[in-house]
Amino acid sequence: MITKYVFNAPKEGKKFLVLAAIHGNEQAGTKACERLKKELTSGKIVLKSGRLTFVPICNTKAYEQDVRSIDENLNRVIKEHSHPKTYEQQLANEICQLIKDTDYLLDLHSTHCKDDVPFVFCDYPNELSQKVMASLPVDYVIEGWPEAYAGTAIQDYSTEYAAHYYSKAANTLECGYHKEPEAAEIAYQAIINTLAVLDMIEMADIPQFSKKIVKMQEYVIKAEEGKLTQNYKHLDAIRKGEVLAVYDNGQELTAPYDGCILLPNANAAIGTEWYYLGKFK
Ligand SMILES: [Zn+2]
């Protein structure tokens, strides 16, 4: 079901997997993959070692309909399903085989609000993921997603979780608003810089981008009807005591510490994640 492109260098080396459009309406990574495919085919980019595999469109049906998913969120079901019940579970089975057979996975996403700040998730830091991350052209790293959900019933079967499960390194890159051309540019630069870090292409000076690290602390479920008090954007700074949201019954939700608000969803359905809280490390 999944169309992949594989480019082998003449010399052995690292195996690098790029996934794009895990969410069908996030097309920045797809554009970057298409550009890269042309440049590899034409010889503009030459691999010197290793193997590059990329999947420009992971969720094909969702991509065709320009929606996030068909039956369920693909980035919550990335594990092997012996009896797949949904379209995304079938996709997950194929994606797992690709992740098993790689050293490093870069999963490219983009976001849905204008002016969203690009950032990288690092759920399971290890030496290789840290090394690649330093070259990714974004200013923020978010850590601690698995810890925020630890002890809850929610098991987050993300691409990063699968990579960790199979003892591989991975990062998820959120390239910014997916309708801005810069998002596709960030995705493209991220792939190129990663190829250099993995010693798969020649690059004299690998760019390094210093990062602000945000440690995710917790998430807040919208328990009943209510509103966020401001048009919060991802990574907006918040002060201890600041009223972040108010339920229709008047109950206020305040910031428990200085830090930042993450992934606020003004339109969250009742019973789902409204926003997350993070602290700068
Ligand atoms: Zn996404």
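Residues numbered from 1 in each chain as written. Predicted model: local features only at pLDDT ≥ 70, side-chain atom pairs only at ≥ 80, totals over all residues. Heavy atoms only, no water.

Enquirer: With reference to specific residues and values, describe the domain arrangement of the protein chain.
Expert: In terms of domain boundaries, the protein chain breaks down into domain 1 (5-197) and domain 2 (216-280). Each of domain 1 and domain 2 has a C-alpha centre, and these two points are 28 Å apart. Counting residues at the interface gives 14 residues for domain 1 and twelve residues for domain 2. Counting the surface lost from both domain 1 and domain 2, the interface buries some 1,100 Å², and carbon and sulfur atoms represent 70% of this. Contact with domain 2 buries surface across domain 1, with Ile142, Ala148 and Tyr149 losing the most and accounting together for 37% of the total. (Domains from an automatic or database assignment. Contact = heavy atoms within 4.5 Å. Buried area = accessible area lost by both parts, 1.4 Å probe.)

Enquirer: Got a sec to walk through the sheet that holds strand β6 (residues 140-143)? Specific residues and values, please.
Expert: In spatial order, the strands read β1-β3-β2-β4-β7-β5-β6-β8-β14-β13-β10; together these eleven strands make up an open sheet with mixed pairing. The sheet terminates laterally at β1 (5-8) and β10 (237-238), the two strands that pair on one side only. Along the sheet, helix α1 (residues 28-42) makes contact with β1, β2 (11-20), β3 (49-55), β4 (104-111) and β7 (169-177), crossing β3 at roughly 135°. (Pairing = 2+ DSSP bridges. Helix = DSSP H or I, 4+ residues; strand = E, 2+ residues; numbered from the N terminus. Axes fitted to C-alpha atoms, helices over the stretch in contact; angles between N-to-C directions.)

Enquirer: Go over the pattern of salt bridges with me, naming the residues and quoting the values.
Expert: Opposite charge on two side chains lets them pair, provided their charged atoms get close. Tallied over the full model, the rule gives 14 salt bridges. Glu202 is the salt-bridge partner of Lys48, the closest N and O atoms lying 3.1 Å from each other. Note that Lys48 is positioned in the loop between α1 and β3 and Glu202 in the loop between α7 (181-197) and β8 (212-221), a separation of 154 residues in sequence. Lys48 sits in the partly exposed class, given a relative accessible area of 26%. With a shortest N-O distance of 3.2 Å, Asp101 and Arg51 are connected by a salt bridge. A residue pair is termed long-range when its members are at least 10 positions apart, and Asp101 in the loop between α3 (87-100) and β4 and Arg51 in strand β3 qualify at 50 residues. According to the relative accessible area criterion, Arg51 is buried, its value standing at 18%. Where salt bridges share partners, they join Arg35, Glu39, Lys44 and Glu185 into one cluster. (Salt bridge = Lys/Arg side-chain N within 4 Å of Asp/Glu carboxyl O. Buried < 20%, exposed > 50% of the residue type's maximum accessible area, 1.4 Å probe, protein only.)

Enquirer: I'd like to hear about the nonpolar core, residue by residue, with values.
Expert: The biggest cluster of nonpolar side chains holds 40 residues, and the ones touching the most others in it are Phe16, Leu36, Leu52, Leu106, Leu173, Ile191 and Leu195. Elements with a minimum of two residues in this core: β2, α1, β3, β4, β5 (119-122), α4 (127-133), β7 and α7. When residues in this core are grouped by element, the largest group, ten residues, is from α7. What Leu52 contacts, discounting residues up to four positions off in sequence, is Tyr5, Val6, Phe7, Phe16, Val18, Leu36, Leu40, Leu47, Leu195 and Met200. Counting residues in hydrophobic clusters, the runner-up holds 21 residues, among them Ile2, Val55, Val77 and Ala92. (Core = buried A, V, L, I, M, F, W, Y, C linked by side-chain atoms within 4.5 Å.)

Enquirer: Any chance you could break down the coordination of the zinc ion for me, citing the residues and the numbers?
Expert: At this site the zinc ion is bound by His23 (ND1), Glu26 (OE), Glu26 (OE) and His109 (ND1), with donor distances of 2.1 to 2.5 Å. Taken together, the four donor atoms coordinating the zinc ion span angles of 55 to 149° at the metal, a pattern that classifies the geometry as irregular. Donor residues binding the zinc ion come from one chain and are separated in sequence as H-x2-E-x82-H. (Donors = N, O, S within 2.8 Å, 3.2 Å for Na, K, Ca; no water. Tetrahedral: all angles 85-135°; square planar, octahedral: opposite > 155°, others 65-115°.)

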